[in-house]
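Structural overview
This is what each chain is made of:
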Amino acid sequence: MATARKPAGDLTGRTAEKLAAERDAEAKERAKSMATATIVAEAERTSQVVDLVDKPKPEVEEQPVVVEEAPREIRVNTNLNEVVIGQGNYFTFEIGVPYRVPAFVANHLEEKGLLWH
């Protein structure tokens, strides 16, 4: 960035020119060192072998396996109106009508003796 030379009495202008020249020289030096660092890093990266065969296995937290039972067909032996089985599950059953229900509902009604066999 060449500009006209400042007059001898303009101390601020001469100081600004000097600082700008130093800044430009420093920027060129940093650019050279960055280029050298990039070349060295690239050389190191291409000379190392990446082993994908014996990579470490990730740690996995073991959790119990939950197996859900299949839905079941049931018939109740008494009329049940708005019964709650589980949180927020409301059911109404009539005698003799076959129902297909989740296993937890069938198990609960079986425990209470409300199923027809």
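Residues numbered from 1 in each chain as written. Predicted model: local features only at pLDDT ≥ 70, side-chain atom pairs only at ≥ 80, totals over all residues. Heavy atoms only, no water.

1. Regarding the overall build of the chain
Stated formally: Here a strand is any run of E in DSSP of at least two residues, a helix any run of H or I of at least four, and the numbering for each starts at the N terminus. Remark: exposure states derive from per-residue accessible area (1.4 Å probe, protein chains only) relative to the maximum for the residue type, with buried under 20%, exposed over 50%, and partly exposed in between. Per-residue and other accessible areas were derived by the Shrake-Rupley procedure at a 1.4 Å probe size, with only the shown protein chains allowed to occlude residues.
When its secondary structure is counted, the chain shows two helices and four strands. The secondary structure elements of the chain, listed N-terminal to C-terminal, are α-β-β-β-β-α. Relative to its 117 residues, the chain shows a buried fraction of 12%. As presented, the chain carries roughly 10,400 Å² of accessible surface, and 55% of it is formed by carbon and sulfur atoms.

2. Quick look at unusual backbone geometry
Phi at glutamate 82 takes a positive value of approximately 50 degrees, unusual for a residue other than glycine. Tracing the backbone shows glutamate 82 in strand 2 (residues 80-84).

3. Observations regarding the environment of tyrosine 99
Condition: Only heavy atoms enter the contact rule, under which two residues are in contact if any of them lie within 4.5 Å. Distance and chemistry together define a polar contact, namely a pair of N or O atoms within 3.5 Å, with one atom able to donate a hydrogen and the other to accept it when in protein, and with adjacent residues in sequence counting only for side-chain atoms on both sides.
Looking at where tyrosine 99 falls in the secondary structure, it is placed in strand 4 (residues 99-101). Not counting residues up to four positions away in its chain, the partners in contact with tyrosine 99 are Arg72, Glu73, Ile74, Thr92, Phe93 and Glu94. At 2.9 Å, the side chain of tyrosine 99 and the backbone nitrogen of glutamate 94 are in polar contact.

4. So, the pairing of strand 3 (residues 90-93)
Operational definition: The criterion for strand pairing is that DSSP finds at least two bridges linking the strands in question.
Alternating positions in strand 3 separate cleanly, Phe91 and Phe93 being buried on one face and Tyr90 and Thr92 remaining unburied on the opposite face. The pairing of strand 2 with strand 3 spans three bridges and is classified as antiparallel. Note on strand 3: the bridge partner recorded for leucine 80 is phenylalanine 93. Count of turn residues in the strand 2/strand 3 antiparallel hairpin: five residues, of which glycine 86 carries a positive phi of about 85 degrees.

Just distances and angles here, no functional claims.
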